[in-house]
Amino acid sequence: MQRTKLVAGNWKMNLLQSTGSALVEAFLQKVELRQDVDVVVCPPYTLLGRLREELRRSHIHLGAQDVFWAEEGAFTGRVSPKMLADLGVSHCIVGHSETRGRFGKLETAENTLGFFAETEETIALKIRALFFHSIEPILCVGETLAERQAGQTEAIIAKQLEGALSGFDAAELFFFVVAYEPVWAIGTGETCATEEAERICEFIRDWFRTKFGDPDLPDHIRILYGGSVKSVNAKELFSQPNIDGGLVGGASLDANEFAKIVASA
Ligand code: 13P
């Protein structure tokens with residue numbers, strides 16, 4: 001079956017009101033929006049309100065980079081799915097390696113990261129809370145370089161999928177979005193070889209087949225690749241049968257690059 005491609009830009013902890021607006025304006029001028037490609041922009045929380053206004057006249061969806069799972073209450077510093085829904089957010093990244101506390105470049109002691117790193121359990125809670133508000137999660141999975149070198153790639157990804165999704169029914173997961181983001185390829189300029197990215201994305205699709213036993217489900221799941229996606233490699237990656245688009249970090253901060261990546265889809 002033909003799945004609609006999806007390209008999401010994860011701005012991470014970048015840009016201010018002026019520079020964020022300028023980027024969106026430049027991107028809107030360059031991008032050619034098509035019905036067969038969904039485009040999502042995920043700015044930091046601080047820019048969601050402003051971008052909502054600026055994206056209103058386009059077909060670009062607004063995404064968040066993280067969420068807390070409770071509705072409201074004494075959770076200092078957290079943002080709830082209800083608040084995201086109130087801002088018109090339609091998508092939300094969960095389980096990004098950086099929110100899991102697995103940074104590719106930042107050298108921070110494990111015991112420091114442990115204070116804010118999320119777990120499989122918190123990821124599952126976030127997905128449930130987002131579903132309740134009809135916000136589409138984009139679940140990130142992926143192995144570190146050490147895990148890959150130890151031959152654990154598939155086992156790690158299966159564990160991450162299992163931890164996040166084992167409490168759900170197949171019926172809840174139709175149209176679910178997963179992003180395969182090898183930690184070693186994030187922000188490093190090192191892309192996973194296309195055949196290998198395709199092989200892992202196929203492994204993820206097969207995981208849904210085996211886990212839920214619903215023959216239709218795997219064909220509906222959209223699987224993105226993320227990790228140093230650029231305009232020069234996007235077309236080849238997105239033309240693979242099991243890669244349904246990309247989750248783009250650094251290159252989404254450049255209007256020209258991001259417009260070309262969307263065009264590649
Ligand atoms: P880069 O595209 O900068 O490698 O980041 C990928 C990513 O983490 C997107 O969520």
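Here's what I pulled together on the structure shown here. As the structure is a computational prediction, the values presented were derived from the model and not from experiment.

What counts and how
Residues numbered from 1 in each chain as written. Predicted model: local features only at pLDDT ≥ 70, side-chain atom pairs only at ≥ 80, totals over all residues. Heavy atoms only, no water. Phe/Tyr/Trp six-rings, centres within 6.5 Å; stacked < 30°, edge-to-face > 60°. Buried < 20%, exposed > 50% of the residue type's maximum accessible area, 1.4 Å probe, protein only. Near = heavy atom within 4 Å. Polar contact = N/O pair within 3.5 Å; in protein donor to acceptor, adjacent residues only side chain to side chain. Areas by Shrake-Rupley, 256 points an atom, 1.4 Å probe, with all protein chains shown as cover. Nonpolar A, V, L, I, M, F, W, Y, C, P; charged D, E, K, R; others polar. 1 Å grid on protein atoms, 1.4 Å probe; cavity = no way out; pocket = protein on both sides within 12 Å on 5 of 7 lines; lining within 4 Å. Points joined across faces, edges and corners; volume = space filled by probe spheres on them. Salt bridge = Lys/Arg side-chain N within 4 Å of Asp/Glu carboxyl O. Helix = DSSP H or I, 4+ residues; strand = E, 2+ residues; numbered from the N terminus. Pairing = 2+ DSSP bridges. Contact = heavy atoms within 4.5 Å.

Some words on the packing of aromatic side chains
A full pass over the atoms with the stated rule returns 10 aromatic pairs. Ring centres of Phe174 and Phe175 lie 6.4 Å apart, and the angle between their planes is 65 degrees; this geometry places the pair in the edge-to-face category. The class of Phe174 is partly exposed, set by a relative accessible area of 23%. In this structure Phe175 comes out as exposed when scored by relative accessible area, which is 52%. Following the ring pairs from residue to residue traces out a cluster consisting of Phe68, Trp69 and Phe75.

Description of the site of the ligand
Taken together, Asn10, Lys12, His96, Glu181, Ala185, Ile186, Gly187, Gly227, Ser228, Leu247, Gly249 and Gly250 make up the full set of residues near the ligand. Here Lys12 contributes a side-chain N or O atom positioned 2.8 Å from an oxygen atom of the ligand. Gly249 is positioned such that a nitrogen or oxygen atom in its backbone is 2.9 Å from an oxygen atom of the ligand. For the ligand, the accessible surface in isolation is 310 Å², of which the surrounding protein chains cover 95%. Class assignment for the residues of the shell around the ligand results in 3 nonpolar, 7 polar and 2 charged.

Overview of the layout of surface pockets
Left-over empty space is what a probe sized like a water molecule reveals as it rolls over the atoms. By volume, the largest pocket amounts to about 820 Å³. Taken together, 25 residues make up the lining of the largest pocket; nearest its centre are Tyr45, Asp66, Arg78, Thr99 and Phe116. Of the residues belonging to the lining of the largest pocket, the class tally is 12 nonpolar, 7 polar and 6 charged.

Concerning the pattern of salt bridges
Applying the stated rule across the entire model yields 20 salt bridges. The closest approach of N and O atoms between Asp66 and Lys126, which form a salt bridge, is 2.8 Å. Taken together, the residues Asp66 in the loop between strand S3 (61-64) and helix H3 (81-86) and Lys126 in helix H5 (residues 120-132) connect sequence positions 60 residues apart. Per residue, the accessibility class of Asp66 equals that of Lys126, and both read buried. Here the residues in one salt-bridge network are Glu143, Arg148, Glu154, Glu196 and Arg199, joined through shared partners.

Topic: the pairing of strand S2 (residues 37-42)
Sheet faces and side chains relate simply in a regular strand, where the side chains alternate between the two faces. For S2, a buried count of 6 out of 6 residues is recorded, marking the element as mostly surrounded by other parts of the structure. Neither face of S2 is exposed, since Val37, Val39 and Val41 on one face and Asp38, Val40 and Cys42 on the opposite face are all buried. In the sheet, strand S1 (residues 5-10) pairs with S2 via 6 bridges, with the strands oriented parallel. Its bridge partner being in S2, Lys5 is matched across the sheet by Val37.

Details of the side chain of Glu118
Tracing the chain through its elements places Glu118 in the loop between helix H4 (110-113) and H5. Of the residues examined, Glu118 reaches a relative accessible area of 10% and is grouped as buried. A polar atom in the side chain of Glu118 sits 2.7 Å from the side chain of Thr99. What Glu118 contacts, discounting residues up to four positions off in sequence, is Asp66, Val94, Gly95, His96, Thr99, Arg100, Ile123 and Lys126.

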